[in-house]
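Listed below are the residues making up each chain.
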Amino acid sequence: QGEVEKKMDAPGCEKKPAADEVERQVKSAPGGSFQFFRPDGNSPAELNSTKAKILAAIEEAPPAKGLTFLFDGHGGPNGIFLSQGEVVEVNGKPTIRANGAAEKITVEELAKAIEKRAKRYPELWNRPAESSDVMAFSACFSEDFSRDLSKKLAGRAAVPNLRT
């Protein structure tokens, strides 16, 4: 009771998918490989399976090739969504309301995957900045998400080059 809820007009949240161009560029590079992840459906089992595949791919990416991670979808301050969600205003604050079985990758979960990779490949700590991993987020609240990810990783793993 007493909650005021309205859909927020969030300009710039509707981004065009960039996966095709990224795939073309990555595959044209020597030794380049590309993995594309999208849930087959919106059930909790399918979303959790896709989430596990994404986090495992990050944990296991060999350092020789580097890691470029691109997320193009819905986001909130604490997570990136693998399914639909909508930004609403509740008591004057932007809030993500899940539509259906929304599953997200939280800042903490992504940080843990990066940490596991750093433990598996300690040489990641000593890479020059120009060859560091890249993570790009094309989603609402991506600056908040990236800033929190950087804070969580400080002293725990090499912080990737974060782009929003």
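Please read these numbers as outputs of a predicted model, since none were measured by experiment.

Caption draft 1: Highlighting the overall build of the chain. A count of helical and extended segments in the chain gives four helices and nine strands. Moving toward the C terminus, one meets the helices and strands of the chain in the order β-α-α-β-β-β-β-β-β-α-β-α-β. Taking all contacts inside the chain whose residues are at least 6 apart in sequence as the whole, residues at least 24 apart take part in 68%. Summed over its atoms, the accessible surface of the chain is roughly 10000 Å², and 50% of this surface lies on carbon and sulfur atoms.

Caption draft 2: Inspection of the packing of helix α3 (residues 107-120) against helix α4 (residues 142-153) at higher detail. At a closest axis distance of 9 Å, the pairing of α3 and α4 adopts a crossing angle of 45°. Taken together, the axis directions place α3 and α4 in an arrangement best described as oblique. Handedness of the α3/α4 crossing: right-handed. The segment α3 lies against α4, with V107, E108, L110, A111, I114 and E115 engaging F145, D148, L149, K152 and L153. By residue class, the composition of the contact of α3 with α4 is seven nonpolar, no polar and four charged.

Caption draft 3: Quick peek at the environment of R38. Along the chain, R38 falls in the loop between α1 (19-28) and α2 (44-60). Accessibility expressed as a relative area gives 57% for R38, which makes it exposed. Sequence separation between R38 and L82 is 44 residues, and the spatial gap between their C-alpha atoms is 7.7 Å.

Caption draft 4: Representation of the packing of α2 against α3. The interhelical angle for the contact between α2 and α3, taken along N-to-C directions, is 35°, at an axis separation of 7 Å. In the packing of α2 onto α3, the handedness of the crossing is right-handed. Here K51, L55, I58, E59 and E60 of α2 come into contact with α3, specifically with E109, L110, A113, I114, K116, R117 and R120. Grouping the amino acids of the contact of α2 with α3 by side-chain chemistry returns five nonpolar, no polar and seven charged.

Caption draft 5: Main features of the pattern of salt bridges. As enumerated under the stated definition, the model contains seven salt bridges in all. In this structure, the salt-bridge partner of R117 is D133, at a minimum N-O distance of 2.2 Å. With R117 in helix α3 and D133 in the loop between α3 and β8 (134-138), the pair connects residues that are 16 residues apart, well separated along the chain. The buried category is assigned to R117, whose relative accessible area is 2%. Judged by its relative accessible area of 11%, D133 falls in the buried class.

Conventions used here
- Residues numbered from 1 in each chain as written.
- Predicted model: local features only at pLDDT ≥ 70, side-chain atom pairs only at ≥ 80, totals over all residues.
- Heavy atoms only, no water.
- Helix = DSSP H or I, 4+ residues; strand = E, 2+ residues; numbered from the N terminus.
- Contact = heavy atoms within 4.5 Å.
- Areas by Shrake-Rupley, 256 points an atom, 1.4 Å probe, with all protein chains shown as cover.
- Axes fitted to C-alpha atoms, helices over the stretch in contact; angles between N-to-C directions.
- Parallel < 35°, antiparallel > 145°, perpendicular 65-115°, else oblique.
- Left-handed = near helix turned anticlockwise from the far one by under 90°.
- Nonpolar A, V, L, I, M, F, W, Y, C, P; charged D, E, K, R; others polar.
- Buried < 20%, exposed > 50% of the residue type's maximum accessible area, 1.4 Å probe, protein only.
- Salt bridge = Lys/Arg side-chain N within 4 Å of Asp/Glu carboxyl O.

Geometry only, nothing functional implied.
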